[in-house]
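Observations on chain architecture
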Amino acid sequence: MDLHMGLLSAAIWLPIVGGFVVLAVGDRAGSRPARWLALVFSLLTLLVTIPLFTGFDTHTAAMQFVERVPWIPSLHIQYYLGIDGISLWFILLTSFLTLLVVISSWRNVQLRQAQYLAAFLVMDGLMIGVFCALDAILFYVFWEAMLIPMFLIIGVWGGPRRVYATIKFFLYTFLGSVLMLVAFLYLYFHSGDSFDLLTFMKTPLSAAAQIWIFLAFLIAFAVKIPMWPVHTWLPDAHVEAPTGGSVILAAVMLKMGAYGFLRLSLPITPDASHQLAWLMIALSLVAIVYIALIAIVQQDMKKLIAYSSIAHMGFVTLGFFVFTQTAIEGAIMQMLSHGFVSAAMFFCVGVLYDRMHTRDIHAYGGVANVMPIFASLMMLFAMGNVGLPGTSGFVGEFMVVLGTYGPHPWAAIIAATGLITGAAYTLWLFKRVIFGGVTRAEVAALSDLDGREVLVLGSLGVLVLLMGLWPAPFLEVVHSSVQHLLSQVSVSKIPS
Amino acid sequence: MSLALLHWSFAIPEIWILAMACVLLLVDVFWGKHHPDLSFALALFSVAGAMLLTWGEMGRTGTTFFGQLQMDPFTNVAGLFVELLTFLTLLYSRRYLQRRGLYRGEVFVLLLFALLGALILISGANVLVLYLGLELLALSQYALIAFQRQNLRATEAALKYFILGALASALLLYGISLLYGLTGSLDLARVAEGLINSGQANYLLMLAVVFLVAGIAFKLGAAPFHMWLPDTYQGAPTVVTIFLSSVPKIAVFGLFLRILVEGGYGSLEIWRQIFVALVVVSLLIGNVVAIAQSNLKRMLAYSTVGNMGFLALGIVAGGQNGLASAFFYAVVYALMATAAFGLILYLSREGFEAEEIADLRGLVRTRPWSAFLLLLIMFSLAGVPPTIGFYAKLVVFQALIEAHFLWLAVFGVLMAVVSAFYYLRVLKVALFDPPAEDLRYGADDPLAASTLSVNSLALLLLGIFPGPMMAICFHALQGVL
């Protein structure tokens with residue numbers, strides 16, 4: 001095990017240090033050195049996270065690769081890291097997507113590229129930190145610090161309304177998280193002066209206290225996921241963010257809210273989770289049905305995918321709050337699959353935007369005639385977004401609906417309509433952009449993917465297919481942890 | 001008698017500063033005209049010496065001058081911080097003063113006297129001595145603000161500060177006289193004893209506490225006693241604003257601690273209720289009005305009001321942890337304020353004060369390093385981790401929840417979100433807006449540049465390793481209750 005000590009710290013700090021190195025190198029000598037450095041650091045980070053997978057023991061739900069040292073002794077705050085089956089995939093996803101973002105912005109970002117890449121590297125480390133922090137304050141520090149690079153990415157490299165979008169994004173998420181901090185402080189005094197998340201999970205809490213804590217967490221996570229009705233920042237942020245920003249936002253940052261439910265809400269406030277499950281199910285169904293309808297009428301490709309993300313995350317939250325093994329595992333698969341698919345969709349939009357500088361669906365049509373490779377890859381991702389069997393999207397949505405059917409048949413039926421509306425907006429988007437005759441000169445002049453873009457989209461395509469055709473290894477990792485989580489949720493924490 | 005002589009050593013930093021201020025006056029008379037650098041160097045030397053002397057006294061406790069001054073961990077730690085902040089002010093000041101023809105020995109003498117006043121506020125054990133310290137600090141500040149005689153705004157600022165400050169002093173003095181009437185003593189230890197015997201439901205005591213709190217709130221700048229603050233901060237020369245926003249905050253916290261906590265031991269419930277009102281009003285007025293400001297110094301002044309609200313949250317929490325968190329907040333706030341005003345000072349030049357928010361347009365293109373420091377300062381003020389500003393708020397809220405003021409904590413964090421908005425707006429102007437063609441920054445003073453860099457980077461580094469500084473501040477309040 002000694003070989004594995006410090007792996008998590010390395011995964012967190014390597015990209016952060018790398019980010020500052022890239023920042024220091026800067027653009028003065030052209031952006032070439034900064035780009036290569038960023039590539040090396042993001043590749044190294046991915047390599048550091050791979051042993052987490054190979055050395056992972058799937059038979060236990062206990063925390064692995066644990067690192068624990070006092071950080072602020074006077075407040076009992078620890079530097080406490082560890083991962084289980086729930087967090088493992090998201091760490092890999094984060095480091096992998098950061099690498100793809102670095103590759104994809106090789107030439108497309110002209111303005112201050114070194115700073116752009118540095119922001120992504122720093123955010124990479126902070127996001128990995130969120131997924132492995134086991135101390136509440138450490139978790140909060142990573143969770144909040146992450147806002148700073150994202151604030152800059154949208155604000156500096158975003159579209160015309162970037163300032164509005166980024167300030168809205170920051171304030172929304174900041175407002176959500178401060179209440180979580182209050183909940184942490186409250187828990188601190190009820191768990192015997194400890195910020196240890198695992199201790200929080202064992203702390204008995206009265207029913208009323210659990211409800212308040214659950215609501216405080218809910219605001220933080222619902223904003224992040226985002227759930228209806230606090231989703232309004234997301235379309236703005238996505239539309240204005242540069243491609244890389246959208247990718248990370250959709251693929252990783254949205255997952256943090258869901259991860260928060262699994263890591264904090266369910267185990268710390270099990271009784272409140274049961275009691276308020278109706279609310280969560282209702283909100284999830286609204287997201288699945290209502291948001292999907294909104295997605296259909298969007299004219300802006302990024303906005304459409306942003307709304308489709310909200311709808312897909314509806315399946316995730318639905319899966320959490322029916323408390324069956326199948327549904328929760330399905331929800332985690334859905335998170336992972338959405339990480340691949342939404343990232344790929346945003347990369348696809350980025351590819352088109354780089355060439356045409358518009359995201360308006362009407363400006364396209366007949367792209368398949370001039371960009372056949374792109375069209376076939378995008379078709380794969382569109383199918384993943386629809387949830388066609390054989391792609392990763394199917395696994396999660398199917399398991400969630402299946403797991404929901406037992407306890408809440410009506411909810412399952414309503415959720416299943418989401419599969420149909422999902423198909424409607426995705427396929428309609430695909431039809432309008434890709435098929436048809438070429439009517440515009442700009443479209444006729446489009447060039448197909450270059451090697452870099454094929455590498456980025458192709459690797460995501462492989463993963464989408466792999467996960468769709470052979471989901472067993474993905475499920476195996478999460479199995480014990482979900483089982484443990486369910487056992488925690490089923491036991492009441494109300495002191496008798 | 002030999003014993004009393006020995007005890008003088010407890011007041012060595014104060015005596016040193018006083019002596020050096022006199023030396024500086026003399027030196028200035030003979031050589032000041034032609035060698036202003038000599039006065040500057042001497043002032044730096046005096047403050048650095050005081051820091052060393054204070055460091056040397058760490059861990060000693062006792063009283064001196066027949067119970068007029070006392071030494072305990074708080075005296076040492078708070079003393080060290082105010083000396084450090086004065087030292088920073090001096091480091092920032094040189095080029096700024098030179099450019100405006102203010103680079104003269106008197107400024108440094110006044111700064112030293114103000115520091116002396118602050119030190120006495122921190123170490124006083126007698127209400128009258130505390131009052132003298134307060135007046136020494138305040139009078140030096142009035143003079144410092146008005147030092148640029150031909151500047152109308154500075155004169156106005158000084159006059160406003162003087163009139164309202166005198167009113168505050170009068171309120172405080174009235175409170176002190178009531179305390180004396182109640183207990184028959186000016187000695188804090190005896191006052192405390194007398195108050196315990198006088199009982200809780202004493203209307204005179206209540207009146208005395210109300211006056212004392214009003215006076216202290218005036219000096220801190222907590223709403224609704226903040227009227228002087230925006231004009232004074234905006235009108236004063238920026239280097240004086242740096243001093244105003246840092247040193248007196250810690251010193252007045254010392255005054256509060258001595259009079260109301262040590263002296264007014266039995267009056268906890270009375271002043272706690274008043275502070276709850278102060279907190280709510282300060283947080284609301286400070287944070288909401290700051291949004292409407294277009295002048296950066298004025299915005300930071302209103303943010304001071306808001307920050308004093310957060311500081312007072314710690315006071316409301318009371319107890320060992322609450323007071324320690326308030327002290328920690330005061331120190332952290334002082335560090336952030338020095339950096340923020342230091343940045344304005346660094347960018348200014350003759351005829352251009354860089355004090356409008358719009359003056360920072362596109363700073364990241366023209367001065368990327370300054371823009372990066374501004375980013376750290378603003379996020380720290382907003383309380384976003386991993387900067388030290390976050391931990392200051394964290395400890396305050398923690399103490400508050402420990403004392404079961406849950407709703408006040410929720411109100412506080414919501415106000416922190418409101419405050420984030422106007423800090424972000426500054427960043428928006430500096431980072432996202434296109435640079436202005438017509439702006440030319442001063443930004444050519446290597447001394448201020450390095451001070452600013454160290455000061456701002458400290459906000460980040462202390463945020464990543466907050467343990468030691470937190471431990472020092474918590475240690476300082478040990479044994480106060």
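The structure under discussion appears in the preceding block.
Presented here is an overview of the structure given in this document. Here the structure is a predicted model, which is why all the values come from computation and not from measurement.

Right, let's get into the overall build of chain A. Broken down by element type, chain A carries 22 helices and two strands. Over its C-alpha atoms, taken along the principal directions, chain A stretches across nearly 75 × 55 × 40 Å. Sorting the 496 residues of chain A into buried and exposed places 67% on the buried side. When contacts within chain A are restricted to residue pairs at least 6 apart in sequence, those whose partners lie at least 24 apart make up 81%. With the model as given, the accessible surface of chain A reaches about 15,800 Å², and the carbon-plus-sulfur share is 70%.

Every contact between the two is made by 38 residues of chain B and, on the other side, 35 residues of chain A. Summing both sides of the interface, chain B and chain A together bury roughly 3,300 Å²; the carbon and sulfur share of this comes to 87%. Put simply, chain B and chain A have zero salt bridges between them. Seen at the junction of chain B and chain A, the total is two residue pairs in polar contact (both at pLDDT 80 or more). Residue assignment for the side of chain B that touches chain A shows that the elements contributing at least two residues are α15 (363-366), α16 (368-382), α17 (388-402), α18 (406-432), α19 (446-464) and α20 (467-476) of chain B. In terms of residue class, the side of chain B that touches chain A is made up of 31 nonpolar, four polar and three charged.

Moving on, we come to the pairing of strand β1 (residues 64-72) of chain A. Residue and element names in this part refer to chain A. Pairing between β1 and strand β2 (residues 77-83): six bridges, direction antiparallel. What sits directly across from proline 70, in β2, is glutamine 78. What sits between the antiparallel neighbours β1 and β2 is a turn of four residues, in which histidine 76 has the positive phi angle 60°.

Time to look at the layout of surface pockets. Looking at the largest pocket, its volume works out to about 1,400 Å³. Every element with two or more residues in the lining of the largest pocket is listed here: α1 (7-25), α4 (113-132), α5 (136-145) and α6 (147-157) of chain A together with α15, α16 and α19 of chain B. In terms of residue class, the lining of the largest pocket is made up of 38 nonpolar, five polar and four charged. Forming the boundary of the second largest pocket are 32 residues, of which Asn108, Pro242, Thr243, Tyr353 and Asp354 of chain A lie nearest the centre. Put simply, the parts of the chain that give the lining of the second largest pocket at least two residues each are α3 (85-104), α6, α10 (233-240), α11 (243-268), α15 (325-356) and α21 (451-469) of chain A. Broken down by element, the lining of the second largest pocket gets its largest block of residues, six residues, from α15 of chain A. Grouping the amino acids of the lining of the second largest pocket by side-chain chemistry returns 15 nonpolar, ten polar and seven charged.

A few words now on the packing of aromatic side chains. What the rule picks out here adds up to 56 aromatic pairs over all chains. Measuring from ring centre to ring centre gives 4.9 Å for tyrosine 116 of chain A and phenylalanine 120 of chain A, while their planes differ by 70°; the resulting arrangement is edge-to-face. With a gap of four residues between them, tyrosine 116 of chain A and phenylalanine 120 of chain A both fall in helix α4, about one helical turn apart. Comparing tyrosine 116 of chain A with phenylalanine 120 of chain A, the two get one shared label, buried. With 4.8 Å between their ring centres and 85° between their planes, tyrosine 174 of chain B and phenylalanine 211 of chain B make a pair best called edge-to-face. Highlighted residues: tyrosine 174 of chain B in helix α7 (residues 152-183) and phenylalanine 211 of chain B in helix α9 (residues 203-220), separated in sequence by 37 residues. According to the relative accessible area criterion, tyrosine 174 of chain B is partly exposed, its value standing at 44%.

Residue and element names in this part refer to chain B. On the secondary structure map, serine 93 appears in helix α4 (residues 73-99). A residue is classified by how much of its surface remains accessible, and serine 93, at 1% relative accessible area, is buried. What serine 93 contacts, discounting residues up to four positions off in sequence, is Phe40, Phe108 and Val239.

Another aspect to go through is the pairing of β2 of chain A. Across the seven residues of β2 of chain A, seven count as buried, placing the element largely inside the fold. Side chains Ile77, Tyr79, Leu81 and Ile83 of chain A project from β2 of chain A onto one buried face, and the interleaved Gln78, Tyr80 and Gly82 of chain A project onto a second face that is buried too.

Rules behind the numbers
- Residues numbered from 1 in each chain as written.
- Chains lettered and ligands numbered in written order.
- Predicted model: local features only at pLDDT ≥ 70, side-chain atom pairs only at ≥ 80, totals over all residues.
- Heavy atoms only, no water.
- Helix = DSSP H or I, 4+ residues; strand = E, 2+ residues; numbered from the N terminus.
- Buried < 20%, exposed > 50% of the residue type's maximum accessible area, 1.4 Å probe, protein only.
- Contact = heavy atoms within 4.5 Å.
- Areas by Shrake-Rupley, 256 points an atom, 1.4 Å probe, with all protein chains shown as cover.
- Buried area = accessible area lost by both parts, 1.4 Å probe.
- Salt bridge = Lys/Arg side-chain N within 4 Å of Asp/Glu carboxyl O.
- Polar contact = N/O pair within 3.5 Å; in protein donor to acceptor, adjacent residues only side chain to side chain.
- Nonpolar A, V, L, I, M, F, W, Y, C, P; charged D, E, K, R; others polar.
- Pairing = 2+ DSSP bridges.
- 1 Å grid on protein atoms, 1.4 Å probe; cavity = no way out; pocket = protein on both sides within 12 Å on 5 of 7 lines; lining within 4 Å.
- Points joined across faces, edges and corners; volume = space filled by probe spheres on them.
- Phe/Tyr/Trp six-rings, centres within 6.5 Å; stacked < 30°, edge-to-face > 60°.

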